[in-house]
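Architecture and fold: a report
Spelled out from the first residue to the last, the chains are:
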2 protein chains.
Amino acid sequence: MPVMTEVLEASLLKKSRGVPDSRVSPCSASSPLLAAAEPLPKEIPLEALKKTVLPSPAPALSPVVVEITNSCGGGGSGDEHGHPRKFVMGRNMHGNCLQITEPELNDKETGEKEAYMSAVLAQYKEILVEKTKFHLGYPYNLDFNYGALAELQHFSINNLGDPFIESNYGVHSRQFEVGVLDWFAHLWELEKDEYWGYITNCGTEGNLHGILVGREVLPDGILYASRDSHYSVFKAARMYRMEAVKVDTLLSGEINCDDFRKKLTDRKDKPAILNINVGTTVKGAVDDLDLVIQILKEVGYTEDRFYIHIDGALFGLMIPFVKRAPKVSFKKPIGSVSVSGHKFMGCPMPCGVQITRMKHINMLSRNVEYLASRDATIMGSRNGHAPIFLWYTLNHKGYRGFQKEVQRCIRNAHYLTDCLREANFGVMLNELSSTVVFERPQSEALILKWQLACQGKIAHAVIMPSVTVEKLDAFVVELIQARNAFSADGNVRIQCIVEEVGANNCACSLHRGARVNSWTKDLGMDGVHMETES
Amino acid sequence: MPVMTEVLEASLLKKSRGVPDSRVSPCSASSPLLAAAEPLPKEIPLEALKKTVLPSPAPALSPVVVEITNSCGGGGSGDEHGHPRKFVMGRNMHGNCLQITEPELNDKETGEKEAYMSAVLAQYKEILVEKTKFHLGYPYNLDFNYGALAELQHFSINNLGDPFIESNYGVHSRQFEVGVLDWFAHLWELEKDEYWGYITNCGTEGNLHGILVGREVLPDGILYASRDSHYSVFKAARMYRMEAVKVDTLLSGEINCDDFRKKLTDRKDKPAILNINVGTTVKGAVDDLDLVIQILKEVGYTEDRFYIHIDGALFGLMIPFVKRAPKVSFKKPIGSVSVSGHKFMGCPMPCGVQITRMKHINMLSRNVEYLASRDATIMGSRNGHAPIFLWYTLNHKGYRGFQKEVQRCIRNAHYLTDCLREANFGVMLNELSSTVVFERPQSEALILKWQLACQGKIAHAVIMPSVTVEKLDAFVVELIQARNAFSADGNVRIQCIVEEVGANNCACSLHRGARVNSWTKDLGMDGVHMETES
């Protein structure tokens, strides 16, 4: 686009000539509340002018990191176990935010503001391209093309209220939303007239909704969830004033069913509300749903005394396409399932799909006349664009498309695991998962560049359809280089992560011997179908 | 765009020739969980083929409306007073949803699926254009042009976690978000180092956050809110297991401070958490913040024993630009303010701005290592596009632009009020508001066409920048026509809405005499500046 480039160049040219930016920052105005008759403030403090409003070209490469502990950061908790723990926080954004400036009266004539904004946006897009290229740590599929939907951005699409009951507000996308919900209800084996659901803003909203439904069904129920559950699960318990019990996990990250049985038995006079993970956040572990249900029954729980919410944020959409994987199905006594839309499917904005039983939702909903609809969602106004993105992707890819992508992701996850193992890194890959857990790199610059999510001594890479073998190769090379750079005396220092991944997967000098060559069997490579496609 | 048109025509042509749609609906597959080796189901039930997947051209004009009461609709409440009340719900969406169909293996070659989807989207866009044209009932400014931001749709922008602490995920827009937050903190007079905030998904999230902060600050506090508060306020109390007290309202929709004083005094041993409306949903009323604070002090509440959340969903951004309007300011003892971004500002998707005091947020936040950030928001993943839209609008319009728009809206609201009054409709306009309340039309078709929000005997039109005088003229003509059509014997039937709007504003035969010519004074016309611009 030549116009954009010209504008950008013009703006930068002006900048390099030292022309002062004469825009008034609202922060410099003496009174913010401008009544109709009052003139705009004329004084502009020098500090405001000196600040450049363009984002720095590559801020992530020179991060200002802040180390915080339990005692600072304000009332925050420590780690999940309640112990204080130090960890590196991202830098404070206040230093380089893009201040909003009051337009000049002659802006339309000079085109100055337009040029400034175009320049900001052009630079921002460059950063986005760069950041999208180097991304491994979060489970977001960045590979999508919604060009056909670009024009929808002209409309304020809002599915306020219930997806199934049309509101008086006409600019909605319920016909797409219900299509998507039908697809998922069918995937999880619940009949059309027996399910209710909606498209949420994110995985957290799904968990907040599922657990709220559980609490409304069983008001004095205790929430059980493994330590490795997403932080939103315990947040929900706190918000909803529910008693919550943290259950231990196995090394894999799965819920420890022995510990669950014990804790459940101790509290068996109270109903149980369970959060079951289908793909934990850090290790991608899948809780054993069938065993959990069996334990509930053995301890004496009838189906009216427990409620199971399935947090399938990432893996909820992958697992149906993997042979031998445990099945998520409403034919089992579960109450709700949530999955994220911006993760495996890919979507410009976060969103999720929530499916629950119709009979449960009646405990939660209220009819709202103002909406001419029902209030059974957490949010009121709801993004009407997200359902169209999901509808578009599901239609395009279908079951067959997802199946292929899941296979490629799991194959690539095995590829990365192989490479890291060969390069002598501690590494673990859960059966059927595409989340590769490995030693946390010592280089913070590398963590930021590849946007790795870290916890304690481990980091992970989540292999999404947007992650190619080429990207993984480049990553492994940089990882090795960074490790070498930190080895002052030529001896490569390998962290012991035995507590996080077990002796079979730790590469430190003490545990290296335990690493057997038959690891592919342990990791269930025979459970998935491999294709030769790259 | 010729290409789009051709594709649409080709698809419709094929349809008219009776070519059957051979796509497999997932709902017809016998097993939804397709493991790698299983073939796709071949059988396609006839019912699936018979269903047209394109939305009907103008569904809102022939609505299937369902009347429900307290007893049906499943566990729903009645009206806000706890009494059962009948009201018309929107139609069930399941009938005309857009089913997702499995792609054919040769779709890429035939282009059939692409043509189908283009046709659906083209028809959908037509509906959106039509629906956007006739919209009066909800406070959404549909007049925006974000063409410059179209390319951002290629990126998965996610501001997960805290806006001020950069997460490891690099594809974010925090630099824009913090710029927007600074602007609002300044508007509401809170220093940079004393505020915390974030961009939410909608007004409901703002209320959920504000009330949660209040509860964390005052754990045994009672929530007080007027009957006319948004439904999310009482939903919050239910979610958070808080004691909630509904306070009566005046005819205008403002909180009844006498009733508040009485109810507060009765419970003065407990701390108070208040929701104060700056623009109620139905009548656009502004609660008297200063009087509420005065009463709290008179009843003996020190500032550490109450928390005030301001729900400024619509009017929070309009009120600063209206002379003589009560001031929303953190120089007063308030805890948080929320405003919607998709309402007066206009945004393709719902969003909102939440500002609170830094000292309060520390009660709520937890540090989450996985994010390398802090968890103090309701949602985890957060839409990174919305902040850029808001940043773009604020930069473009500035204080001066908003001021002009607010003036035009209030002027047009007075214009509509005048027209309706002259045509002998019962009508009310609150001082400083742009929400015009009037007799609910008898024609459901008209309500749906103009997308009016209704409650009991009244409806309202919210005059946003996208509502022109021409649109209002067309609306009034149709309203009069519809009323005449319902007058079988030539006698126009005017509903008595004295309970909703008072004798001064009711047009029924009993109260018509009370309507005085000096109504403009009552409505505070001298409080706003009028311009001659249209």
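Above this text is the structure in question.
A brief report on the enclosed structure follows. Since the structure is predicted, the reported quantities are computational estimates derived from the model, not experimental observations. (Residues numbered from 1 in each chain as written. Chains lettered and ligands numbered in written order. Predicted model: local features only at pLDDT ≥ 70, side-chain atom pairs only at ≥ 80, totals over all residues. Heavy atoms only, no water.)

**Quick look at the sheet that holds strand β12 (residues 427-429) of chain A**
Sheet strands pair via backbone hydrogen bonds, and the direction of the pair is either parallel or antiparallel. Residue and element names in this part refer to chain A. Operational definition: Strand pairing requires that DSSP identify at least two bridges connecting the strands. Here a strand is any run of E in DSSP of at least two residues, a helix any run of H or I of at least four, and the numbering for each starts at the N terminus. Note on method: axes are straight lines fitted to C-alpha atoms, helices fitted across the in-contact stretch only, with angles between N-to-C directions ranging 0 to 180 degrees. Should any heavy atoms of two residues lie within 4.5 Å, those residues are counted as being in contact.
Here four strands make up an open sheet; going across it, the order is β12-β13-β15-β14 and the pairing antiparallel. A single partner strand is all that each edge strand has here, and the edge strands are β12 and β14 (453-455). When the angles between neighbouring strand axes are averaged without regard to direction, this sheet yields 25 degrees. Strand direction decides the pairing type here: β14 and strand β15 (residues 458-462), joined by three bridges, are antiparallel. Directly across from Ala453, in β15, lies its bridge partner His460. The sheet contacts of helix α11 (residues 385-422) involve β12, β13 (435-439) and β15, and relative to β12 the element is tilted by about 160 degrees.

**Structural notes on helix α8 (residues 257-266) of chain B**
Residue and element names in this part refer to chain B. Worth spelling out the cut-off: For each residue, the accessible area found with a 1.4 Å probe, counting protein chains only, is set against the maximum for its type, and the residue is called buried under 20%, exposed over 50%, and partly exposed in between. Working definition: the arc comes from the directions between the helix axis and the C-beta atoms, pointing outward to the latter. The term polar contact refers here to a pair of N or O atoms within 3.5 Å; inside protein, the definition further demands a hydrogen-donor-capable atom paired with an acceptor-capable atom, and it admits residues adjacent in sequence only when both atoms are side-chain atoms.
Cys257, Asp259, Phe260, Lys263 and Leu264 are the residues of α8 that are buried. The buried side chains of α8 occupy one side of the element, clustering within an arc of 150 degrees when seen end-on. Opposite the buried face of α8, by more than 90 degrees, sit the exposed residues Asp258, Lys262 and Asp266. The inward-facing, buried residues of α8 abut β4 (222-226), β5 (244-247), β6 (272-277) and α9 (289-299). Here α8 starts with a cap whose side-chain oxygen sits 3.0 Å from the backbone nitrogen of Asp258, and that cap is Asn256.

**Comments concerning the packing of helix α11 (residues 385-422) of chain B against helix α13 (residues 469-485) of chain B**
Residues and elements named next belong to chain B. To keep it simple, the criterion reads: Roughly parallel covers angles under 35 degrees, roughly antiparallel covers those over 145, roughly perpendicular covers 65 to 115, and oblique covers all other angles. Two helices that cross are described as forming a left-handed crossing if the nearer one is turned anticlockwise from the farther one by less than a right angle, and a right-handed crossing if clockwise.
Two elements in contact, α11 and α13, have axes whose closest approach is 10 Å; the angle formed by their N-to-C orientations is 20 degrees. Taken together, the axis directions place α11 and α13 in an arrangement best described as roughly parallel. At the point where α11 passes α13, the crossing takes the right-handed sense. Residue-level contacts link Asn412, Tyr415, Leu416, Cys419 and Leu420 of α11 to Val469, Leu472, Asp473, Phe475, Val476 and Leu479 of α13.

**Some points on the pairing of strand β13 (residues 435-439) of chain B**
Residue and element names in this part refer to chain B. Among the five residues of β13, five are classified as buried, and the element is accordingly described as predominantly covered. Taken together, strand β12 (residues 427-429) and the strand that follows it, β13, pair antiparallel across an intervening segment of five residues, in which Leu432 is found at a positive phi of about 75 degrees. Sheet topology places β13 next to strand β15 (residues 458-462); five bridges connect them, and they run antiparallel. Within the sheet, the bridge partner assigned to Val437 lies in β15 and is His460.

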